[in-house]
Amino acid sequence: DVDKYRRFFDFFGLHFGLEDLWDILDLHLNGKQTNPLNKIQPFTEMSESYRSKAIQYESTTSLKIGGHFTRKEDRLNAAAKIYLKLGDIESYCETEIKNGNWEKAIAFAPGVSIDYWKQLLERHADHLEEQKMEDTVAYHLISNNADKAIDFFKERGEYEDALLVSSVRENGGYKSVSGTSEKVESTKGPAGGGNQLREVATHLANDYFKQGYPVLASATHLSVEDKLSAVSKLVRANELYMAYIVAKIIGSSDLPSVIDKLAQRAERLGFRDIAFKLYEDPKGDRESLSLLCSRVAGGVEVSS
């Protein structure tokens, strides 16, 4: 029962990353969705989780990022960065437009499709025209909208320029941008990408471990289904109780080793009854249980 263990460890423990760990275990055991605001997400849910975070950045009027309330510009910038990392170029472009960064949006738009790029050119030209900006003409012409460029010059009384553009157009001087209207297809990673995923997760987990966050390190390994490493980080940090629970929930193959370590600790502390119960676990080591029985029968004390 993940909820039972969650309540217990949350009450007694002050470890950073507990929420991340329990959520991933809950997903593994019960299929419950993780909190999208958690630092560590399962790799299968990571994209949607970060997308939810980006949408929240866009829509929330008051939000803390890094412990500080942020301006709308900062929130949109954070959302745009997430969309870019997700490979959602269209959402990135639209978010940059909301932030007034038309040039960035236009520069990345071909990553969606040529048609989308042309649409952004036209939208930006209309935006500039509303503000009576001279750059309007450049965007009208590059998007092959000579008529709008001519109208723009006429409205300003710049008839010579209007005549020039009209003449060039009649002589076929403005080339239509060619290209497919289809969106650029997404591609999956190369064969063996799962190994790279685990390698990156291991680097991140090791960083967390060095910073003194073994629980967060364990959650990082679990996010890519690296069960052995997840339990190992907790054992190395001497978090044997948590290592036992995690190994039991996920069915880790090193559960017998964790049981042995935990039983030895219980015996050293004088809790032989607990040591017996641990060894009697179906995954417990029967030879170690026999040795414990011999020590009890012989009145042997285990030194700490």
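Check the entry above for the structure.
The structure reproduced in this document is the subject of the present report.

Cut-offs used in this document
Throughout, a residue's number is its position along its own chain's written sequence, starting from 1. Thresholds applied to this predicted model are a pLDDT of at least 70 for local features of residues and 80 or more for the giving and counting of side-chain atom pairs; totals over whole chains, interfaces and linings are not thresholded and use all residues. Neither water nor hydrogens contribute to the side-chain values; these are computed over all heavy atoms in the structure. Every helix listed is a DSSP run of H or I at least four residues long, and every strand listed is a run of E at least two residues long, numbered separately from the N terminus. Burial classes: relative accessible area under 20% of the type maximum marks a residue as buried, over 50% as exposed, and values in between as partly exposed (1.4 Å probe, protein chains only). Should any heavy atoms of two residues lie within 4.5 Å, those residues are considered in contact. Areas reported here follow the Shrake-Rupley algorithm with a probe of radius 1.4 Å; residue values treat only the protein chains shown as occluding. Both cavities and pockets are sets of points on a 1 Å grid over the protein atoms alone; in a cavity a 1.4 Å probe fits but cannot get out, in a pocket the set is open with protein on both sides within 12 Å along at least five of seven lines, and lining residues sit with an atom within 4 Å of a point. Grid points are joined across faces, edges and corners, and a volume is the space filled by probe spheres set on the points. Residues are grouped as follows: nonpolar covers Ala, Val, Leu, Ile, Met, Phe, Trp, Tyr, Cys and Pro; charged covers Asp, Glu, Lys and Arg; every other residue, Gly included, is treated as polar. Within this scheme, the nonpolar core is defined by two criteria: the residues are buried Ala, Val, Leu, Ile, Met, Phe, Trp, Tyr or Cys, and they are joined through side-chain atoms within 4.5 Å. Only Phe, Tyr and Trp rings take part, Trp by its six-membered ring, and two of them pair if their centres are within 6.5 Å. Stacked means planes under 30 degrees apart, edge-to-face means over 60, and tilted covers everything else. Placement of a charge over a ring requires the Lys NZ or Arg CZ to be within 6 Å of the ring centre, with the centre-to-atom vector within 35 degrees of the ring normal. Only one rule defines a salt bridge in this text: a Lys or Arg side-chain nitrogen within 4 Å of an Asp or Glu carboxyl oxygen. For helices, the fitted line uses only the C-alpha atoms of the stretch in contact; every axis is such a line through C-alpha atoms, and the angle between N-to-C directions lies from 0 to 180 degrees. Convention used here: angles under 35 degrees read as roughly parallel, angles over 145 as roughly antiparallel, angles from 65 to 115 as roughly perpendicular, and any remaining angle as oblique.

1. What to know about the overall build of the protein chain
- Looking only at helices and strands, one finds 17 helices and 2 strands in the protein chain.
- Counting the 304 residues in the protein chain, one finds 38% classified as buried.
- Long-range pairs, those at least 24 residues apart, make up 41% of the contacts in the protein chain between residues at least 6 apart in sequence.
- Accessible area of the protein chain: about 17800 Å², with a carbon and sulfur share of 52%.

2. Considerations on unusual backbone geometry
- For glutamate 225, which is not glycine, the phi dihedral falls at a positive 60°.
- Counting through the fold element by element, glutamate 225 comes out in the loop between helix 12 (214-223) and helix 13 (227-236).
- The class of glutamate 225 is exposed, set by a relative accessible area of 52%.
- Phi at asparagine 238 is positive, roughly 65°, even though this residue is not glycine.

3. Regarding the layout of surface pockets
- Reported here for the second largest pocket is a volume of approximately 240 Å³.
- In this structure, the second largest pocket is lined by 13 residues; those nearest its centre are Tyr241, Tyr244, Leu262, Ile274 and Leu278.
- Sorting the residues of the lining of the second largest pocket by element identifies helix 1 (2-12), helix 14 (240-250), helix 15 (255-268) and helix 16 (272-279) as the ones contributing at least two each.
- In terms of residue class, the lining of the second largest pocket is built from 12 nonpolar, no polar and 1 charged.

4. Describing the environment of glycine 17
- With respect to the helices, strands and loops of the structure, glycine 17 is situated in the loop between helix 1 and helix 2 (18-30).
- Taking relative accessible area as the criterion, glycine 17 reaches 6% and is therefore assigned buried.
- As a C-alpha pair, glycine 17 and asparagine 38 span 21 residues in sequence and 8.6 Å in three-dimensional space.
- Non-local contacts of glycine 17, meaning those with residues more than four positions away in its chain, are made with Val215 and Leu216.

5. Regarding helix 12
- Taking burial as the measure, the 10 residues of helix 12 include 10 buried ones, the bulk of the element.
- Turning to helix 12, its buried residues number three or more, namely Pro214, Val215, Leu216, Ala217, Ser218, Ala219, Thr220, His221, Leu222 and Ser223.
- Directly beyond the C-terminal end of helix 12, a positive phi value near 60° is found at glutamate 225.

6. Details of the nonpolar core
- In this structure, Leu21, Leu25, Leu222, Met242, Tyr244 and Val246 are the most contacted members of the largest nonpolar core, which totals 36 residues.
- Breaking this core down by element, the ones donating at least two residues are helix 1, helix 2, helix 11 (193-210), helix 12, helix 13, helix 14, helix 15 and helix 16.
- If you look at the next biggest cluster of nonpolar residues, it comprises 23 residues, including Tyr83, Ile97, Ile106 and Tyr116.

7. Description of the packing of aromatic side chains
- Tallying each qualifying case throughout the model produces 3 aromatic pairs.
- Positioned above the aromatic ring of phenylalanine 209, the side-chain terminus of arginine 236 is 4.5 Å from the ring centre.

8. A short note on the pattern of salt bridges
- As enumerated under the stated definition, the model contains 12 salt bridges in all.
- One salt bridge connects aspartate 26 with lysine 32, and the closest N-O pair in it is separated by 4.0 Å.
- Given the relative accessible area of 4%, aspartate 26 is considered buried.
- The partly exposed category is assigned to lysine 32, whose relative accessible area is 39%.
- Here aspartate 126 makes a salt bridge to lysine 148, at a shortest N to O gap of 3.2 Å. Pair noted here: aspartate 126 is in helix 7 (residues 114-130) and lysine 148 is in helix 9 (residues 146-155), with a separation of 22 residues, a long-range link.
- By relative accessible area, which is 30% here, aspartate 126 ends up partly exposed.
- The class of lysine 148 is partly exposed, set by a relative accessible area of 31%.
- Several salt bridges share partner residues, and in doing so they unite Glu48, Arg51 and Asp88 into one network.

9. Side note on the packing of helix 12 against helix 13
- Their axes nearest at 7 Å, the elements helix 12 and helix 13 cross at an angle of 170°. Considered as vectors, helix 12 and helix 13 are oriented roughly antiparallel to each other. Contact residues: Pro214, Val215, Ala217, Ser218, His221 and Leu222 in helix 12; Ser229, Ala230, Lys233 and Leu234 in helix 13.
- Looking at side-chain class alone, the contact of helix 12 with helix 13 contains 6 nonpolar, 3 polar and 1 charged residues.

So yeah, pure geometry; function would need other evidence.
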